[in-house]
Amino acid sequence: MRSTPLVAVIGLLCAALLGTACSATAPAAGSAGPSGLAASGSTAEPTSAAPTSAASSAPSPTLQSTSPDSWLAVGTKGSPGIQVIRASTGEQMLDLSTGVPTDNQWGRMVTATVAGSRTMVRDLIVQPGLSGAFVSLDGAWKLPTIGLDPVPVGVALGGATIVLTEVARSASSASTRFAVVDGSFAKPARIIALPGRFDYDALSPDGRTLYLVEHLDVAAGGAYQVRDVDVASGTLKPGVVADKSELTEQMAGYPLAQVRRDDGFVLTLYRGREHPFIHTLNSIDAWAFCLDLPATGADDAAAAADWGLAPSPDGQSVYAANSTLGLVVQVDPAKLAIVRSVTVKPLASREMILAKFGHEESGPTGRRVIVSPDGRTIFAAGAGGILAIDASTLRVVATFQPGESIDALGLSTDGRTLYALLHAGGHIVELDARTGQPLATVPGDGYDRLVAVVPW
């Protein structure tokens, strides 16, 4: 495990706590062939070929890893919180409330915990005693999540504003309530009640504007519009936040993943009626732009759940990928444009995975698309395994765990070890990120979330 100053602190904590639509015709995808890694800087479009198979089955639980150990933030069925476990032993090191990491190191989090008839919102400092300022409010509230990502959102970039949604909301309710907590934790929480059915979408970086998805007709393919709320007054601003190039088109779909950028742009990947799309929101100036993705397999609800969205480490690109459908798209967030759209050979599943979609999915599991720390490789998981994709060419250079349904991925901080949550049995396997060679199985089973590899 990489040594950092936080390790000593966490070691003390372990001893203390252990046990305790954008509707338009979708662009045609270019063809690509994952025949191998192209030369660096190559701009030639690949040609169709079969991907290389790098690993064919899950590792035996008796395999012992020789890679540096990692700590994994995971969840188990029936447990609303997350546990931090040691990958080599499965030993539970920490038991935490689900929260939003606010320092990129998981050393500080905003958490919301329901206890009886009240909810405690805390600025949790991860140290012995789990201290930090807090606010308590009436009712059962939670930090919102987007799509299939188990890591909550709801905290403005600088931490000035925290927004929570109600844990239980009646389907027949004519209004929606949100709780707003000041990031200083020095003021009582406020309740914003709005007529209609809304879900959280984003906050402006300064926390002064709340963006919401207003549901217009859930039964008709998830028709919605984006509205903005003045946080100080708790009132809806007039008008709709829309793509001005498509004002006559009604947006419809369900969110799958979201990338939030420091410049205020929020990219949300939706499953639409006719094709997936990326709804790009400028949360500073309150305007939006939509990028349509290929329509391949758009009517397959199970395959749609395998779309993922991930930024490059330098922030210059955002990648949307679906290994089950064999689609990889590179987006330039500065130009609001699709740079490349590539089709590769999809990975076949050994069994049919049945899934519902819309607002009835089984729940968040983890990220299906991640990018290596050096920015060179994109890993995309799905019903048939993992694609390793060269980021410079969008060629598939290898496939890992072919035939296995993968619910989530995580990477060690050095980029050497890839962790994959298997759909079958809830096992987490450890793979060599370069070759796909199985290294070990994390002891235990029944994991239903792979939240993160914590950088301690």
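All of the points below concern the structure found in this document. (Residues numbered from 1 in each chain as written. Predicted model: local features only at pLDDT ≥ 70, side-chain atom pairs only at ≥ 80, totals over all residues. Heavy atoms only, no water.)

Note on placement: Asp 230 falls in strand 15 (residues 223-230). Apart from residues no more than four positions distant in its own chain, Asp 230 is found in contact with Arg 208, Thr 235 and Lys 237. Separated by 2.7 Å, the side chains of Asp 230 and Ser 233 make a polar contact. (Helix = DSSP H or I, 4+ residues; strand = E, 2+ residues; numbered from the N terminus. Contact = heavy atoms within 4.5 Å. Polar contact = N/O pair within 3.5 Å; in protein donor to acceptor, adjacent residues only side chain to side chain.)

The tally for this structure, following the rule as stated, stands at 11 salt bridges. The closest approach of N and O atoms between Arg 368 and Asp 306, which form a salt bridge, is 3.1 Å. One end of the pair, Arg 368, is in the loop between strand 24 (337-343) and strand 25 (369-371); the other, Asp 306, is in the loop between helix 2 (301-304) and strand 21 (308-311), and 62 residues separate them in sequence. With respect to burial, Arg 368 and Asp 306 carry one shared label: buried. The closest approach of N and O atoms between Asp 414 and Arg 416, which form a salt bridge, is 3.9 Å. Residues joined in a network through salt bridges with shared partners are Asp 306, Arg 368 and Asp 407. (Salt bridge = Lys/Arg side-chain N within 4 Å of Asp/Glu carboxyl O. Buried < 20%, exposed > 50% of the residue type's maximum accessible area, 1.4 Å probe, protein only.)

Spatially, four strands are ordered 25-26-27-28 in an open sheet, and the strand pairing comes out antiparallel. Each end of this open sheet is capped by a strand with a single partner; those strands are strand 25 and strand 28 (395-400). Recorded for the sheet is a direction-independent mean angle of 20 degrees between the axes of neighbouring strands. (Pairing = 2+ DSSP bridges. Axes fitted to C-alpha atoms, helices over the stretch in contact; angles between N-to-C directions.)

Before going further, it helps to examine the nonpolar core. Core analysis: the biggest nonpolar cluster contains 19 residues, and Leu 269, Ile 278, Trp 307, Leu 309 and Ala 320 have the highest contact counts within it. Broken down by secondary-structure element, the contributors of at least two residues to this core are strand 17 (251-260), strand 18 (265-272), strand 22 (318-322) and strand 23 (327-332). Membership of the second largest hydrophobic core comes to 17 residues, among which are Leu 94, Leu 124, Leu 130 and Val 451. (Core = buried A, V, L, I, M, F, W, Y, C linked by side-chain atoms within 4.5 Å.)

The next thing to look at is the pairing of strand 29 (residues 406-411). Taken across its six residues, strand 29 has six buried, putting it largely inside the fold. The hairpin turn running from strand 29 into strand 30 (residues 417-422), its antiparallel successor, is five residues long, and Gly 415 in that turn takes a positive phi close to 80 degrees.

A large share of strand 17 lies buried, amounting to eight of its 10 residues. Pairing of strand 15 with strand 17 involves two bridges; the strand directions are antiparallel. Within the sheet, the bridge partner assigned to Ala 223 lies in strand 17 and is Ala 252. Examined bridge by bridge, strand 17 and strand 18 share seven bridges and lie antiparallel to one another. From the neighbouring strand, Ala 257 faces strand 18, where its bridge partner is Leu 269.

Under the counting rule described, the total for this entry stands at four aromatic pairs. Taking the centre distance of 5.7 Å and the plane angle of 75 degrees together, the rings of Phe 265 and Trp 287 count as edge-to-face. Pair noted here: Phe 265 is in strand 18 and Trp 287 is in strand 20 (residues 287-292), with a separation of 22 residues, a long-range link. Accessibility expressed as a relative area gives 13% for Phe 265, which makes it buried. For Trp 287, a relative accessible area of 29% puts it in the partly exposed group. Through pairs of rings, three or more aromatic residues link up here, namely Tyr 224, Tyr 270 and Phe 277. (Phe/Tyr/Trp six-rings, centres within 6.5 Å; stacked < 30°, edge-to-face > 60°.)

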